[in-house]
Amino acid sequence: MVENWYTGIVTKIENATDNTRRFWIQIPELERFDFKPGQFVTLDLPIHEKKNKRWRSYSIASHPDGSNVIELVIVLLEGGAGSTYLFNEVKEGSELTLRGPLGVFVLPETLDTEIFFICTGTGIAPFRAMTHYLKNHQIPHKDIHLIFGSRYEKDLLYADEMRQLEQSFPGFHYIPTLSRQEDWNGRKGYVHHIYEEMLQDKRPANFYLCGWKNMIDEAKQRIQALGYDRKQIHQELYG
């Protein structure tokens, strides 16, 4: 377990959606911050006396590029002490205490089946990192399907970037689906209907789930009901 805590400097902040921000953090004491796509960092925020109530973990949204800068994408949770602090108190130039990389939500070395990335909201973060990494390193793979659920089009994180990846990265398929927007020409409804429809033939696949507990619990039940083994399902739970 990595126990080193570092001081990070927030070098850039951008609004991504109405309630989501992108934070770029540099770790000056490291020449490069090495991590595997899918891993996360834990921030120690000054929001409580007890340290375990100060810790907030966020998946790294950027891919390893040999630098000491990482990107986090964070949603403002109503009543959430951590995200409220980050949105209200943290500016460009602010210092953040962090440790990592942590976590085992990573891809296997050999990608010998189709992969389904299933996510909602900021759960797209690890899949963005994984997809860029696979493309940049030209790692052999079967088809990769990113099924990203949101309520409205304005909530789709990295939408233009994902569409460009779909055009430039053979075998990568970006499938946004909206549950509330009527004037949308793409897929409508929830993420579960998409993979259930695609996998009627029960072909070999592995599943990576990232998001809130309700979505992940339902996805695990539905994927196993399709006939897949729980060992083919990997998850990163938020909240």
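What you see as residue numbers is a count from 1 along each chain, following the sequence as written. Note on the predicted model: pLDDT of at least 70 is required for a residue's local features to be given, and 80 or more for side-chain atom pairs to be given and counted; whole-chain, interface and lining totals, by contrast, use all residues. As a rule here, side-chain values come from all non-hydrogen atoms in the structure, and water together with hydrogens is ignored.

Engineer: Please give an account of empty space enclosed by the protein that cites residues and values.
Structural biologist: A cavity here means a set of 1 Å grid points, computed over protein atoms only, where a 1.4 Å probe fits but cannot escape. A pocket is an open set with protein on both sides within 12 Å along at least 5 of 7 lines, and lining residues have an atom within 4 Å of a point. Grid points are joined across faces, edges and corners, and a volume is the space filled by probe spheres set on the points. Scanning the entire structure with this criterion turns up one cavity of 30 Å³ or more. Lining the largest cavity are Phe33, Asp34, Phe35, His63, Pro64, Asp65, Gly66, Ser67, Val69 and Ile70.

Engineer: Explain the sheet that holds strand 4 (residues 55-59) residue by residue, including any values.
Structural biologist: Any two strands are treated as partners once DSSP identifies two or more bridges connecting them. The way it works is that DSSP assigns letters per residue, a run of H or I at least four long becomes a helix, a run of E at least two long becomes a strand, and they are numbered from the N terminus. An order of 4-3-6-1-2-5 is seen for the six strands of this open sheet, with the pairing classed as antiparallel. Pairing within the sheet leaves two strands with one partner each, and these edge strands are strand 4 and strand 5 (69-75). For this sheet, the mean inter-axis angle between neighbouring strands, taken without regard to orientation, is 40°. The pairing of strand 2 (residues 20-26) with strand 5 spans seven bridges and is classified as antiparallel. Within the sheet, the bridge partner assigned to Arg22 lies in strand 5 and is Val73. Lines fitted to C-alpha atoms define the axes, with helix axes restricted to the stretch in contact, and inter-axis angles between N-to-C directions lie between 0 and 180 degrees.

Engineer: Summarise the packing of aromatic side chains; cite the residues concerned and give the values.
Structural biologist: Pairs were defined over the aromatic rings of Phe, Tyr and Trp, the Trp ring being its six-membered one, requiring ring centres within 6.5 Å. Orientation was assigned from the angle between planes: stacked under 30 degrees, edge-to-face over 60, tilted for the rest. This structure, assessed with the given rule, holds 11 aromatic pairs. Residues Phe117 and Tyr208 carry aromatic rings whose centres are separated by 6.0 Å and whose planes lie at 80° to one another, so their mutual orientation is edge-to-face. With Phe117 in strand 7 (residues 114-120) and Tyr208 in strand 11 (residues 205-212), this residue pair connects regions lying 91 residues apart in the sequence. Relative accessibility decides the category of a residue: with a 1.4 Å probe and only protein chains considered, values under 20% of the type maximum give buried, values over 50% give exposed, and everything between is partly exposed. A relative accessible area of 0% means that Phe117 is categorised as buried. Joined through ring pairs, the aromatic side chains of Phe105, Phe117, Phe127 and Tyr208 make up one cluster. When the NZ atom of lysine or the CZ atom of arginine is within 6 Å of a ring's centre and also within 35 degrees of its normal, the charge is said to sit over that ring. Lying over the aromatic face of Trp24, Lys12 brings its terminal NZ or CZ to 4.6 Å of the ring centre.

Engineer: Account for the sheet that holds strand 11, naming residues and giving values.
Structural biologist: Pairing between the strands of a sheet is mediated by backbone hydrogen bonds and can be parallel or antiparallel. Spatially, the six strands line up as an open sheet ordered 10-9-8-7-11-12, and their pairing is parallel. Every interior strand has two partners, whereas the edge strands, strand 10 (187-188) and strand 12 (233-238), have only one. Inspection of the sheet shows strand 9 (residues 172-178) paired to strand 10 by two bridges, in the parallel sense. Directly across from Thr177, in strand 10, lies its bridge partner Arg187. Whether two residues are in contact is decided by their heavy atoms: any pair within 4.5 Å suffices. The strands that helix 2 (residues 125-136) touches are strand 7, strand 8 (144-150), strand 9, strand 11 and strand 12; relative to strand 7, the one it contacts most, it runs at about 145°. Strands strand 7, strand 11 and strand 12 of the sheet are contacted by helix 5 (residues 213-225), whose axis makes an angle of about 160° with strand 11.

Engineer: For the layout of surface pockets, give the residues involved together with the corresponding values.
Structural biologist: Computed from the structure, the largest pocket encloses a volume of approximately 800 Å³. Contributing elements (two or more residues each) for the lining of the largest pocket: strand 8, helix 4 (191-198) and helix 5. Residue contributions to the lining of the largest pocket peak at three residues, all from helix 5. Charged residues are taken to be Asp, Glu, Lys and Arg, nonpolar residues to be Ala, Val, Leu, Ile, Met, Phe, Trp, Tyr, Cys and Pro, and polar residues to be all remaining types, Gly included. Taken together, the residues of the lining of the largest pocket sort by class into nine nonpolar, 12 polar and six charged.

Engineer: Report on the nonpolar core, specifying residues and quantitative values.
Structural biologist: With 30 residues, the main nonpolar core has Phe117, Phe127 and Leu146 as its most contacted residues. Elements that contribute at least two residues to this core include exactly strand 7, helix 2, strand 8, helix 3 (159-168), strand 9 and strand 11. Those residues within four positions of Leu146 in sequence are excluded, and the remaining contacts are Phe117, Cys119, Ile124, Phe127, Met162, Phe172, His173, Tyr174 and Ile175. Here, nonpolar core means buried Ala, Val, Leu, Ile, Met, Phe, Trp, Tyr and Cys residues that are tied together by side-chain atoms lying within 4.5 Å of each other. By size, the runner-up hydrophobic cluster in this structure holds 21 residues, among which are Leu43, Tyr58, Ile70 and Phe87.

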